Amino acid sequence: MAFSSCLKLYPFSISHSLTLTHQPFSLKLTPPTVSFASPHSSAALSSPSANLLDSLRSQPDSSSALRLFISASKHPDFSPDPALYDEILLRLSRSGSFDSMKKILSDTKNTSSSSSEIGTSQFLILLESYAQFDSHDEILPTIHWMIDEFGLKPDTHFYNRILNLLVDGNNLRLVETAHDQMSAWEIKPDVSTFNVLIKALCKAHQLRPAVLMMEDMHSYGLVPDEKTFTTIMQGYIEEGDLDGALRIREQMVEFGCSWSNVSVNVIVHGFCKEGRVEEALNFIQEMSNEGGFFPDQYTFNTLVNGLCKAGHVKHAIEIMDVMLQEGYDPDVYTYNSVISGLCKLGEVKEAVEVLDQMISRDCSPNTVTYNTLISTLCKENQVEEATELARVLTSKGILPDVCTFNSLIQGLCLTRNHRVAMELFEEMRSKGCEPDEFTYNMLIDSLCSKGKLDEALNMLKQMESSGCPRSVITYNTLIDGFCKANKIREAEEIFDEMEVHGVSRNSVTYNTLIDGLCKSRRVEDAAQLMDQMIMEGHKADKFTYNSLLTHFCRGGDIKKAADIVQAMTSNGCEPDIVTYGTLISGLCKAGRVEVASKLLRSIQMKGIALTPHAYNPVIQGLFRKRKTTEAVNLFREMLEKSEGGPDAVSYRIVFRGLCNGGGPIREAVDFLVELLEKGFVPEFSSFYMLAEGLLALSMEETLVKLVNMVMQKARFSEEEVSMVKGLVKIRKFQDALATLGGVLDSRQPRRNFRSR
């Protein structure tokens, strides 16, 4: 079904005589929330207890509430009640005050009236607090304490809750132990027990055992319910196996299990996750036709998100319109999906318009909304606009998080605005937002690129003192920075430091240092490091071999260079165009242009796409041997066959060759025009040679036209153009050329040949 007609499925016919309650579906499959509130309401309490309960609830923090409770418990008229214990335990649980909670429970043993009011529900408050603060290892010992010291026996409902806490905390080892305890104490499982255990298996990616467990439910006299099937379907979808999920759904239908929006939405999510949005729409229509299914907020949000991820943002916006017609207001999730989709398409202006629409409809953006826009603006080099948006975020009471700061810092580093990036880094820390590994790595990389290596090392120390883990990326960045600064000894020290700090090296680490050693002409050390690399289980790759190859080619040792290529092939590492290009360059440098030309043809026959890196050395070699025609012909071949065509270096080589070669001057003039039309500015030394030739042949008019074209392409200012033209007008051509050259050199003194 074409996307243009996908909306014909809508509107869904919803009888307006019915009052429908649409509840958003959460993919986090958890049993119904256990209420810890006592069945005794405060109204049913005696007046002193009710007053104490109200006082506890009005305390500003858990410490104040605890002091009040202890004081009241010492009073002769203190009458313990489950509601009082629930309240104080809940208050303490929110702050993780485990010792105080255990003390309160322990004290009930000393008071006969109190102990009678304590049940498993009060212990569940303590156990859930352990889970909330990621102290799952305390849960099972506390259950033993409850049984041994208080004589309380857990039931199926209690253990279901414990199992679910452990599954949600990804403590699958403890789940198995808890289940064994449950069996040992002859606590019979119910459907909810199986559902939690099946969820645990799905989380552990053990889908086949999960299906077998569902099939085993019958031996316990239990029948799988919708949640059982839905959990397994969700498991298959998370593994990227939608077909497996659809097979489970077929079993569900065959079994006669009733379904709701929950199970339908899981399948809709599965289709959309795989980009099969049309099939999702067809499935929705099918379920609507069967009756009983009405798309809810989650259904619409899933469709919007799926369409946006597939790049069909326009259709997603149309779904939003249908959503409104059906009485559902787009929420922050809906808008975030659309904004993210537009940003991925580079339509930032449209994304900002959606943000304005979102705010006008009283839907408050969150950090994700702003971070998506800020990150995209930074990638588009619109750092000022991103910074302004961050200010708006702050003014609305949404504090920037680490992702916000990282996007801004990255944008500033990419635009070489390191000073402001460091200021933002300091502001980030002053506002209590802890920088993460990504923050430090960006700043270290920026400092290294600027050659500020001491400051980069200081940043590493700061990273260590803040407790932020340093990864292989951090060290690789530093090693690369020191190698590029030709400080190989320091790079080796950082390399050795990695082992001391327990950071494993990867192939990038080795390749970076090997390349640095080769460029420092320490090729024997580089070879030893490659042996160490292999011994540590890292395979030498094309980057490793190419570094060694470049060293030998630059040194003119073609025999050893050829041996490197041979070793590379023998070790199962296929040479690439960089390898061959480097070898060709070495051959040409050694004056063996004919051999290089044959190698060029040979790799062409292998089907490897040739690049300027391979062509340029041969063209240059042919010009040096005064084989101008062959050189130009090879350049024309590159125009037709090379991936991406000639680069700036290619044009420089040919233009220089034509100017030096003593051939027809018209050929050099025509090539210069072609060069300018391609968007390149010639290097002045070659242009000067051509200019002298034109002046010697009294071709001043041609020279003037070329000078004007160069000034236009190089974007001379009006004042600069006027100065050159003035000198040309009074026929002071040498002065005009000197002025032209001076302006070109001042624009880019280190790189005279560039693309415009």
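Just so it is clear, the structure is predicted and the values come from calculations on it, not from any experiment.

### Things to note about the overall build of the chain
So, point 1. The helix and strand tally for the chain stands at 41 helices and two strands.
So, point 2. By the compact-globule yardstick of 27 Å for 756 residues, the chain is too spread out, its C-alpha radius of gyration being 37 Å.
So, point 3. In terms of overall dimensions, the chain has C-alpha extents of about 115 × 65 × 55 Å along its principal axes.
So, point 4. Evaluated residue by residue, the chain yields a buried proportion of 49% over its 756 residues.
So, point 5. Sequence-distant contacts in the chain: of pairs separated by 6 or more residues, those separated by 24 or more amount to 62%.
So, point 6. Surface summary for the chain: the accessible area is close to 37500 Å², and the carbon and sulfur share equals 49%.
So, point 7. If the 77 positive side-chain charges of the chain are averaged to one point and the 98 negative ones to another, these points end up 10 Å apart.

### Quick look at the nonpolar core
So, point 1. Grouped together as the largest cluster of nonpolar side chains are 185 residues, with contacts concentrated most on Ile619 and Phe687.
So, point 2. Setting aside its immediate chain neighbours within four residues, Ile619 contacts Ala631, Leu634, Phe635, Met638, Ile653 and Val654.

### Observations concerning helix α12 (residues 226-238)
So, point 1. Taking 1.5 Å of rise per residue, the 13 residues of α12 would be expected to cover 18 Å, and the 18 Å separating its terminal C-alpha atoms lies within 8% of that figure.
So, point 2. Taken together, the buried positions of α12 are Glu226, Thr228, Phe229, Thr230, Thr231, Ile232, Met233, Gln234, Gly235, Tyr236 and Ile237.
So, point 3. Where the residues of α12 are buried, they touch α10 (191-203), α11 (207-216), α13 (242-255) and α14 (261-273).
So, point 4. Of the residues flanking the start of α12, the one acting as N-cap is Asp225, its side-chain oxygen 3.1 Å from the backbone nitrogen of Lys227.
So, point 5. Where α12 terminates, the next one or two residues include Gly240, which has phi positive at roughly 80 degrees.

### Structural notes on the layout of surface pockets
So, point 1. Volume-wise, the largest pocket comes out at about 420 Å³.
So, point 2. Lining the largest pocket we find 19 residues, and of these Ser585, Gly586, His613, Pro617 and Gln620 sit closest to its centre.
So, point 3. At the level of secondary structure, the elements contributing two or more residues to the lining of the largest pocket comprise α30 (542-554), α32 (577-589), α34 (612-624) and α36 (648-660).
So, point 4. Here the residues of the lining of the largest pocket sort into six nonpolar, nine polar and four charged.

### With respect to the environment of Leu622
So, point 1. Counting through the fold element by element, Leu622 comes out in helix α34.
So, point 2. Considering only alpha carbons, one finds Leu622 and Glu594, 28 residues apart in sequence, at a separation of 8.9 Å.
So, point 3. Among residues more than four places away in sequence, those in contact with Leu622 are Val593, Lys627, Glu630, Ala631 and Leu634.

### Some points on the packing of aromatic side chains
So, point 1. All told, the structure shown has 19 aromatic pairs when counted by the stated rule.
So, point 2. Ring geometry for Trp145 versus Phe150: centroids 5.2 Å apart, planes at 85 degrees, classification edge-to-face.
So, point 3. The class for Trp145 is buried, based on a relative accessible area of 19%.
So, point 4. When the ring of Phe684 is compared with that of Tyr688, the centres are 5.9 Å apart and the planes differ by 45 degrees; the resulting orientation is tilted.

### Overview of the pattern of salt bridges
So, point 1. Within the structure shown, the criterion is met by 29 salt bridges.
So, point 2. Residues Arg470 and Glu497 are paired through a salt bridge, measuring 4.0 Å at the closest nitrogen-oxygen approach. With Arg470 in the loop between α25 (453-465) and α26 (472-484) and Glu497 in helix α27 (residues 488-500), this pair connects stretches of sequence that are 27 residues apart.
So, point 3. Under the relative-accessibility criterion, Arg470 is labelled buried at 15%.
So, point 4. Among the residues examined, Glu497 registers a relative accessible area of 26% and is labelled partly exposed.
So, point 5. Overlapping salt bridges, with partners in common, bring together Arg489, Glu492, Arg522 and Asp525 in one network.

The rules we used
Residues numbered from 1 in each chain as written. Predicted model: local features only at pLDDT ≥ 70, side-chain atom pairs only at ≥ 80, totals over all residues. Heavy atoms only, no water. Helix = DSSP H or I, 4+ residues; strand = E, 2+ residues; numbered from the N terminus. Rg over C-alpha atoms; globule rule 2.2 N^0.38 Å. Buried < 20%, exposed > 50% of the residue type's maximum accessible area, 1.4 Å probe, protein only. Contact = heavy atoms within 4.5 Å. Areas by Shrake-Rupley, 256 points an atom, 1.4 Å probe, with all protein chains shown as cover. Lys, Arg positive; Asp, Glu negative; His and termini not counted. Charge placed at Lys NZ, Arg CZ, Asp CG, Glu CD. Core = buried A, V, L, I, M, F, W, Y, C linked by side-chain atoms within 4.5 Å. Expected span 1.5 Å × (residues − 1). Polar contact = N/O pair within 3.5 Å; in protein donor to acceptor, adjacent residues only side chain to side chain. 1 Å grid on protein atoms, 1.4 Å probe; cavity = no way out; pocket = protein on both sides within 12 Å on 5 of 7 lines; lining within 4 Å. Points joined across faces, edges and corners; volume = space filled by probe spheres on them. Nonpolar A, V, L, I, M, F, W, Y, C, P; charged D, E, K, R; others polar. Phe/Tyr/Trp six-rings, centres within 6.5 Å; stacked < 30°, edge-to-face > 60°. Salt bridge = Lys/Arg side-chain N within 4 Å of Asp/Glu carboxyl O.

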